[in-house]
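# A closer look at the structure
The lines below spell out each chain.
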Amino acid sequence: MRRLASIFFLSLALLPLTGQSRTIADLFASEPGNIFALLTRTNRLDMVDYYNSGQSVSIQNNLAGDSKLLELDSAYLKLQASAGRVVEMRMMTAGRKDTVIAVIETVMTPVPDSHISFWNPQWQLFLRPSTFFKMPGIDNFIKGKMPRELRADLQDAMVFPLIQLTFTGERHDVLEATHGLERFLSREDFKRFAAYLKPSISYRINGDKIKPVK
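The shown structure was predicted, so the numbers you read here are calculated from the model rather than taken from an experiment.

### Some remarks on the overall build of the chain
- Tallying secondary structure elements over the chain gives 6 helices and 10 strands in all.
- The 214 residues of the chain split such that 43% are buried.
- Restricting the contact set of the chain to residue pairs at least 6 apart, pairs at least 24 apart contribute 47%.
- A total of about 11900 Å² of accessible surface is found on the chain, and carbon and sulfur atoms cover 53% of it.

### A short note on the packing of aromatic side chains
- In the structure shown here, the tally under the stated rule is 6 aromatic pairs.
- Between phenylalanine 28 and phenylalanine 36 the ring centres are 5.0 Å apart and the planes differ by 85°, which places this aromatic pair in the edge-to-face class. Accessibility assignment for this pair places phenylalanine 28 and phenylalanine 36 in one class, buried.
- Cluster of aromatic residues (ring-pair linked, three or more members): Phe118, Phe126 and Phe132.

### Looking at the sheet that holds strand β6 (residues 113-119)
- Pairing in this open sheet of 6 strands is antiparallel, and the strands run β1-β2-β3-β4-β5-β6 from one edge to the other. Each edge of the open sheet is held by one strand with a lone partner, namely β1 (58-60) and β6. Taken over all neighbouring pairs, the strand axes of this sheet differ in orientation by 20° on average, direction set aside.
- As judged from the 3 bridges shared by β1 and strand β2 (residues 66-72), these two strands associate in the antiparallel manner. When the bridges of β2 are listed, glutamine 60 appears paired with aspartate 66.

### Here's the deal with the sheet that holds strand β10 (residues 209-212)
- Read across the open sheet, the 4 strands follow the order β7-β8-β9-β10; overall the sheet is antiparallel. Looking along the sheet, the strands with just one partner apiece sit at the ends: β7 (163-168) and β10. Sheet twist, expressed as the average angle between the axes of neighbouring strands with direction ignored, equals 30°.
- With 4 bridges connecting them, strand β9 (residues 200-206) and β10 associate as antiparallel partners. Looking across to β10, one finds that isoleucine 205 is bridged to isoleucine 210.

### Things to note about the side chain of serine 117
- For serine 117, the position within the fold is in strand β6.
- Among the polar contacts made by the side chain of serine 117, one reaches the side chain of tryptophan 119 at a distance of 2.8 Å.

### Thoughts on unusual backbone geometry
- At alanine 64, a residue that is not glycine, the phi angle is positive and equals roughly 65°.
- Examined against the element boundaries, alanine 64 turns out to sit in the loop between β1 and β2.
- Unlike most non-glycine residues, histidine 172 shows phi in positive territory, near 55°.
- By the element assignment, histidine 172 lies in the loop between β7 and β8 (174-179).
- When its relative accessible area of 10% is taken as the criterion, histidine 172 is described as buried.

### Concerning the confidence of the model for the chain
- Averaged over all residues, the pLDDT of the chain equals 88, while 89% of them reach at least 70.
- For the stretch residues 4-21, pLDDT sits under 50, and the model shows 31 contacts to residues farther than four places along the chain or on other chains.

Reading the values: the criteria
- Residues numbered from 1 in each chain as written.
- Predicted model: local features only at pLDDT ≥ 70, side-chain atom pairs only at ≥ 80, totals over all residues.
- Heavy atoms only, no water.
- Helix = DSSP H or I, 4+ residues; strand = E, 2+ residues; numbered from the N terminus.
- Buried < 20%, exposed > 50% of the residue type's maximum accessible area, 1.4 Å probe, protein only.
- Contact = heavy atoms within 4.5 Å.
- Areas by Shrake-Rupley, 256 points an atom, 1.4 Å probe, with all protein chains shown as cover.
- Phe/Tyr/Trp six-rings, centres within 6.5 Å; stacked < 30°, edge-to-face > 60°.
- Pairing = 2+ DSSP bridges.
- Axes fitted to C-alpha atoms, helices over the stretch in contact; angles between N-to-C directions.
- Polar contact = N/O pair within 3.5 Å; in protein donor to acceptor, adjacent residues only side chain to side chain.
- pLDDT = per-residue confidence, 0-100.

In structure tokens form, the structure reads like this:
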């Protein structure tokens, strides 16, 4: 019975997705492999089926590792794609426009670092992500007036920004950005900068845009 249900939902997922898409599970199933290359469509639908039946089950992916669906509702999905990679998907809409899918891919080691991309329901990539969201840099976490020399030292220390993104809130409509400085730097070095740094920055989904919370 479970296998028949998976086949049925797979057939729905493969139908053209125009206008307002049904659920994030449909989009998860129809993704052509640019994001979920290690999971077949059948794998994905099995994961959704298990999750909806209240079972916490890991699925073996194409590299013989484990993948697990962590959270799922009609508009949001969080997946442990592998031991070192987490993927989040959130549907965004604006009026009569087609759905925009925000995808956060976070590499978990050694310090979490995220990349965000935006797609349409046919899984075509929007080439200008800044249309929807401006990714913060380390400078965005600085509060007050940091001395010039200290700011230069901070920029030298963070050649790669290492910023983690995650959707939070009851409806997963808040995007929280956090920096990895405390884990990346030594304790002594981090103490030099700590007083001038915000621990996080919050953004909120507004239509098909993600804007800073003021």
